[in-house]
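If you want the building blocks of each chain, they are given just below.
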Amino acid sequence: MLRLSLRLLRYRKTGIAATFLALFFGSAIVMACGGLLETGVRLSIPPQRLSAVPIVVTGDQSYDGESLTERRRLDAALADRVRATPGVAEAVSDLSVPAAVMVSGKVVGNAQAYGRNWSAAALTPYTLAAGTPPVDPADVVLDARLAGAAGARVGDYVDAVARGQSLHVRVTGITAPNSVPSPALFFSDAETTRLTDDGGQLDAIGVRPAPGADPATVAAAVRHAVGSDGSVFTGDERGRAEFPAAAGGGKTLTILASIFGSWAVLIALFGVTSMLGLSLQQRQLEIAQLRAIGATPGQVRRMILLETLVLSVVATALAVAPAYLLGRVLLDQLTGSGVVSSAIAFHQGVIPAVAGAVIAAVAALGATLVAARRSVRTKPTAALSEAVVERHWLTRPRLLLALLFLAAGISMSVVTVTVMTDGPTLASTAGPASVLVGVGFALLAPGIVAALARVLQRPVRAVTASPGFLAVRNAKVRNIRMAGAVAPIVLLVGIAAGTLYMQSTENAVKTGTYAKSMLADFVLDSGTGGFTPEVVTQVRALPGVGAASELVTTSGFVDGHGSDFTFRGVSAAGAAQTVFFPQVAGSLADLHGAAVAISAKQATAFGAGIGDTLPIHLGDGTAIRANIVAVHADIPNDDALFLPADLLARHTTAGLATQILVRAADPGNLASLRHDLDGFAATIPGATISDREGLISNNSRVQQILVSANYTIVAMIVGYAAITVVNSLVSATRTRRREFALQRLTGFRPGQVLRMLGVESALVCLIAIALGTVAAAATAVPYSWVKSGSVIPSGTLGIYLAIVAGAVVLTLGATLLPAAQGMRRPPIETVGAPE
C-alpha cells in the first residue's frame, strides 16, 4: 500500500507540501521552546573573568531555595583557611568595585567597568602588554579597551571614579586585549581594599591545585574546609561566582519557556491535526475508490499511517537545525532586553529534539487515526457518496473534547479573576485561556459556520447578489470544509489580540503606577556606580530644593511570607515629599536604622503593625529584624516595602545609591532649579539630571525593551498560526479547481468565481474574527480586571484593527491568489485532469 501511495504522490503534491510545512514548523517551534526550557534547567554559566582557575569559592547566592539578587560576599579570613587546605597551591582573593574612567567629565566606554585588585588579574588571566603592575595608591592598570577609548598611554594621568570617589591616577600599565565583556581598572590590592570599604570582604577566591593534585579531590577538600561559609564551584558552575544575579534568570527562563512552550505545543498539535484532517478530507474520494476495488480497512489504515510516519520523520529531522537557530534567537532577545543574564549559555540537546519529534509524530499519527477512522470503516458505496459532500462531523469524542477545552479556558479566566493576585504568575493563568477557548471554538467550527451561514444568508444575498447566494450555499452545504479555514484564523486572532492587549495593559499599568509613585520633579542619576552619602546632603543645600532623597531599589525576603518582595530604599529626611506614600499610621521620618514601612494589606498579611518587628532577609542574604515605623494605604500594583536607603545600599552589589530624587520648594521655579542642578551635576563625575517627564519616559523605554522579548516569542507562535492559516486556505482552494472549472463551463466568468470566493472569504473572516475576539477576551478581560480594575484592556483600537486587517489579508490572499492562478488553465483541461 505504501508503494501505491508513493506512486500517487505526484497527484497530491499540494496536500503533502501543506502537511510537511505544518509538521516542520510545528516541531521546530516546540524544539526551540524546549531548548529554552533546557537552558533554564541546566543553567550553564561559563566563566569569563574567572576562567584561569579550576576552582572558585564564593558566597552562597541562595536563600530558602531562591536566588539572591545581590552579591553575598565572603569573609576575607576565609582565604587563609582555603590556602591551608591540603592540595591547594594558591588561593587568590578577588575584590571588585564599580568604577569608570572619565574624559572631559564623561564616562569612557559603553560597558560597566569595575575596579579590581591586581592580584585577581591572574584569574582571567590578564597580562600586561605594556608597563608595570600598580604598587602605590595612585597607580592604575587599564584594560586595553579603556586605555584606547581614553587615549591613555603608560605614564599618563587619568581621572577615574571608584565607589563614588574621584581619583587622579597614573597609568602604570595596559593589559593585552581579551574577551572578557566588562572592562576593568586594576588598583593595588591595598587600594582596592580601601575603595571597597566593606570590612575586608571578598567577592570570590580563585583556587589553583598543587602540581599533580586531582582538581576534583582538591575541590572536595576545599568544600569541606569552607563548610557553610561559602559555595565551591567547578567547571561551568564557576560562572555563578562571576555573575551571581544570573542564577535567578534560570527560574525566569524556565517559567517563560514553560508558559510559551505549552502554548506552542498546543498550537502545534492543533496545526498538525487540522492540516492532516483537511488533507484526509480531500482524499476521501481516493480512499473510497480504494475500498470499492477491494482494499480492506486495515490496508488503507496502514497505508495512511505509513505515509504520515515517513512524512513526520523527514519533517522533524529537517527541523532540528532551524530549531536550534530559532532557540538561540529567542534567548538573544531575552538576554538583550535584560529579562535574563547574557552570561547564560544556550543549550539544546537531544531531549528537546526528541520531544519535538515525538509530539509532532504523535499529533500526526493521532490525527490520522481519528480522521481516517470513518473513511476506512464506511461502506465503499457510502464512502463514495460522502466523498462528494461531507455530512458527518459531530462525533461524541469531538464534542467532549471541545467542551473540555472550553471549560478549561473559562476555568483559567475564572481562576485569574478570583484566585490570582497581581504578580509574575498572573500571565500563567490568563495567557492560556485564549488558546484553550480558541481550540474549543475550532472543534465546534463546522456547526457554528452552518448556523451563522443561515443567520447571514439574507443580508449577504442582499448585498452581493448571485456570488453571495453561491457563497452562503457553499457555507451551509460544505460547512466542514469552510470550518477548516475558520479554525486557524480563530486561533490567530485569539492569541494575537489576547496576548497583545494583555501586554499593553501591563505596560499602561506599570507606567501609570511608576508615574504616580514618583513625586520628585528631578532625578540625579549616577553613571559611575553610585553616589557617596554626602551628595544627597549637598543637593538638599542647593537653593530652591524643597526635599531630596536617595533611592535604592532591590528585592529580598520577608521570612515566612514567600519570596521576591520589592524593597525601596529612601532617605527619611526627604522621602515623604519625593515618593508617593499615602500615610495611615506612623511616619517615614522615623525610617532610620533597621526600620521598615509597609502597606495596610501587608500589615494584615504579616500580622504586624506599628512597633512590631519584621524578620527580613535583604538582597545579599543578610538577616535583619526591622521595626515597623509606618503603614500606608494600599497602592494598586505597587507592593514595595520601604527601608532606609543607607541600609539597603550597603547590602547591594554596588554598595551605593544610584539615584537621588529632588523636589522643588516652589513648583513655579522649576527652570531655575534645573539650571542649578545641571551646574551641580557637572561637579559630580558621571552624574546626569532628568526631569519628571524624562524619568517616566525612560522607565517606559526600559519597559518596552522588556516587552519586546515577550513579543518575539508571541510573534513566533502567532507566525505559526498564520502559516497554518495560509497552509490550510491554499490547500483547500487548490483542491477546488475542478469545482471552479465546472462553474466556468456552466457560464460563470473568472471574475464571478473570484467574487464568489471573495464573499466566502469575507464570511470566513467575519465568523473567525468574531470567535477569535471572544477567545481573546478570555485572556485580556480577566487580566485587565486584576491589573487595573477595569474589564476594558488598555491599548489602542489600532492593535485590534491591525490584527483584523492581517487576518483579512491572509485569508483573501491565500484564497484568491491560488484560485486566480488555477483559472489560467482552460476549464475543460481542469475537469479532465485527475483528482
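Residues numbered from 1 in each chain as written. Predicted model: local features only at pLDDT ≥ 70, side-chain atom pairs only at ≥ 80, totals over all residues. Heavy atoms only, no water.

Draft legend 1. Highlighting the overall build of the chain. From N to C terminus, the chain includes 26 helices and 26 strands. Within the span of the chain, comprising 835 residues, buried residues form 51% of the whole. Carbon and sulfur atoms provide 61% of the accessible area of the chain, an area that totals close to 34600 Å². (Helix = DSSP H or I, 4+ residues; strand = E, 2+ residues; numbered from the N terminus. Buried < 20%, exposed > 50% of the residue type's maximum accessible area, 1.4 Å probe, protein only. Areas by Shrake-Rupley, 256 points an atom, 1.4 Å probe, with all protein chains shown as cover.)

Draft legend 2. Region of the structure containing the packing of aromatic side chains. In this structure the tally under the stated criterion is eight aromatic pairs. Taking the centre distance of 5.4 Å and the plane angle of 90° together, the rings of Trp-118 and Phe-186 count as edge-to-face. Of this pair, Trp-118 sits in the loop between β8 (113–117) and β9 (128–131) while Phe-186 sits in strand β13 (residues 184–187), and the two are 68 residues apart along the sequence. This pair shows no difference in class: Trp-118 is buried, exactly as Phe-186 is. (Phe/Tyr/Trp six-rings, centres within 6.5 Å; stacked < 30°, edge-to-face > 60°.)

Draft legend 3. Expanded view of a nonpolar patch on the surface. A surface patch of nonpolar side chains, amounting to about 350 Å² of accessible area, comprises Val-350, Val-354, Val-358 and Val-362. Locating Val-362 in the fold gives a position in helix α11 (residues 350–377). Here Val-362 falls in the exposed class, since its relative accessible area comes to 52%. (Patch = residues over 30% accessible without salt bridge, like charges linked within 9 Å, V, L, I, M, F, W, Y side chains within 5 Å. Salt bridge = Lys/Arg side-chain N within 4 Å of Asp/Glu carboxyl O.)

Draft legend 4. Expanded view of unusual backbone geometry. Despite not being glycine, Leu-43 has its phi angle at roughly 45°, a positive value. Turning to its location among the elements, Leu-43 is positioned in the loop between α2 (13–42) and β1 (55–58). Of note in the backbone geometry, Arg-163 takes a positive phi value of approximately 50° without being a glycine. Under the relative-accessibility criterion, Arg-163 is labelled buried at 16%.

Draft legend 5. How the structure looks around helix α21 (residues 670–681). Counted at 1.5 Å a residue, the expected span for α21 with its twelve residues is 16 Å, and the 16 Å between its end C-alpha atoms agrees. Here the buried face of α21 lies against β17 (522–526), α17 (534–540), β18 (545–558), β25 (659–664) and β26 (687–691). (Expected span 1.5 Å × (residues − 1). Contact = heavy atoms within 4.5 Å.)

Draft legend 6. Region of interest: the pattern of salt bridges. Under the definition given, this model contains 16 salt bridges. Across the pair Glu-506 and Lys-787 runs a salt bridge whose closest N-O atoms are separated by 3.0 Å. Residue Glu-506 is found in helix α16 (residues 479–517), and its partner Lys-787 is found in helix α24 (residues 750–788); the two are separated by 281 residues along the sequence. Taken individually, Glu-506 and Lys-787 each receive the classification buried, so the pair is uniform in this respect. Across the salt bridge formed by Lys-601 and Asp-639, the nearest N and O atoms sit 3.7 Å from each other. Of the two residues, Lys-601 is situated in helix α19 (residues 600–606) and Asp-639 in the loop between β23 (623–632) and β24 (641–644); the sequence distance between them amounts to 38 residues.

Draft legend 7. Geometry of the environment of Val-101. Along the chain, the position of Val-101 falls in strand β6 (residues 96–103). Judged by relative accessible area, Val-101 falls into the buried class, the value being 1%. Put simply, Val-101 and Leu-185 are 84 residues apart on the chain and 8.3 Å apart in space, counted from C-alpha to C-alpha. Apart from the residues within four sequence positions on either side, Val-101 is in contact with Lys-106, Val-107, Val-108, Leu-142, Leu-146, Ala-150, Asp-159, Ala-160 and Leu-185.

Draft legend 8. Looking closely at the sheet that holds strand β15 (residues 204–209). Taken together, the four strands give an open sheet; going across it, the order is β5-β15-β1-β16, and neighbouring strands pair in antiparallel fashion. With one partner strand each, in any of the chains shown, β5 (88–94) and β16 (231–234) form the two edges of the open sheet. Neighbour to neighbour, the strand axes of the sheet diverge by 25° on average, direction disregarded. Pairing geometry for β1 and β15, over four bridges, is antiparallel. Opposite Val-57, over in β15, you have Ile-205 as the bridge partner. (Pairing = 2+ DSSP bridges. Axes fitted to C-alpha atoms, helices over the stretch in contact; angles between N-to-C directions.)

Draft legend 9. Layout of the environment of Val-41. Along the chain, the position of Val-41 falls in helix α2. Separated by 212 residues in sequence, Val-41 and Leu-253 have C-alpha atoms that sit 8.4 Å apart.

Draft legend 10. Molecular detail of the side chain of Ser-188. With respect to the helices and strands, the residue Ser-188 is situated in the loop between β13 and α5 (189–196). Overall, Ser-188 belongs to the buried group, its relative accessible area being 7%.

Draft legend 11. Highlighting the pairing of strand β10 (residues 139–142). The alternating pattern of β10 places Asp-139 and Val-141 on one face and Val-140 and Leu-142 on the opposite face, and all of these are buried. Both β10 and β13 contribute to a ladder of two bridges, which runs antiparallel. By the bridge assignment for β13, Val-141 is matched with Phe-186.

Draft legend 12. Quick peek at the confidence of the model for the chain. Residues of the chain with pLDDT of at least 70 account for 89%, and the chain-wide mean is 83. The least confident element of the chain is helix α12 (residues 380–386), whose mean pLDDT is 52; the most confident is β10, at 95. (pLDDT = per-residue confidence, 0-100.)

Draft legend 13. Layout of the packing of helix α23 (residues 737–745) against α24. In the contact formed by α23 and α24, the axes pass within 9 Å of each other and the chain directions differ by 130°. Accordingly, the angle class assigned to the pair α23 and α24 is oblique. As α23 runs across α24, the sense of the crossing is right-handed. Counting all contacts with α23, which are made through Glu-739, Phe-740, Gln-743 and Arg-744, the residues of α24 involved are Pro-750, Val-753, Met-756 and Leu-757. For the contact of α23 with α24, the class distribution of residues is five nonpolar, one polar and two charged. (Parallel < 35°, antiparallel > 145°, perpendicular 65-115°, else oblique. Left-handed = near helix turned anticlockwise from the far one by under 90°. Nonpolar A, V, L, I, M, F, W, Y, C, P; charged D, E, K, R; others polar.)

Draft legend 14. Representation of α23 in the model. Those residues of α23 not exposed but buried are Glu-739, Phe-740, Ala-741, Gln-743 and Arg-744. Following α23 by one or two positions, Gly-747 has its phi on the positive side, about 120°.

Draft legend 15. Main features of the environment of Gly-206. Relative to the assigned elements, Gly-206 resides in strand β15. Residue Gly-206 is classed as buried on the basis of its relative accessible area of 3%. Each C-alpha atom of the pair Gly-206 and Ser-51 lies 9.5 Å from the other, and the pair is 155 residues apart in sequence. Once residues within four sequence positions are removed from consideration, Gly-206 is found in contact with Val-53, Ile-55, Glu-90, Ala-91, Val-92 and Leu-123.

Draft legend 16. Inspection of the side chain of Ser-96 at higher detail. Looking at the element boundaries, Ser-96 is found in strand β6. The residues touching Ser-96, leaving out its near neighbours within four places in the chain, are Arg-73, Tyr-114, Gly-115, Arg-116, Thr-196 and Asp-203.

Draft legend 17. View of the packing of helix α13 (residues 396–418) against α24. Axis separation between α13 and α24 bottoms out at 8 Å; the angle between their running directions is 5°. When the axes of α13 and α24 are compared, the pair comes out roughly parallel. Contacts between α13 and α24 pair Ser-413, Thr-416 and Val-417 from the former with Ala-778, Pro-782, Tyr-783, Trp-785 and Val-786 from the latter. Here the contact of α13 with α24 is built from residues that sort into six nonpolar, two polar and no charged.

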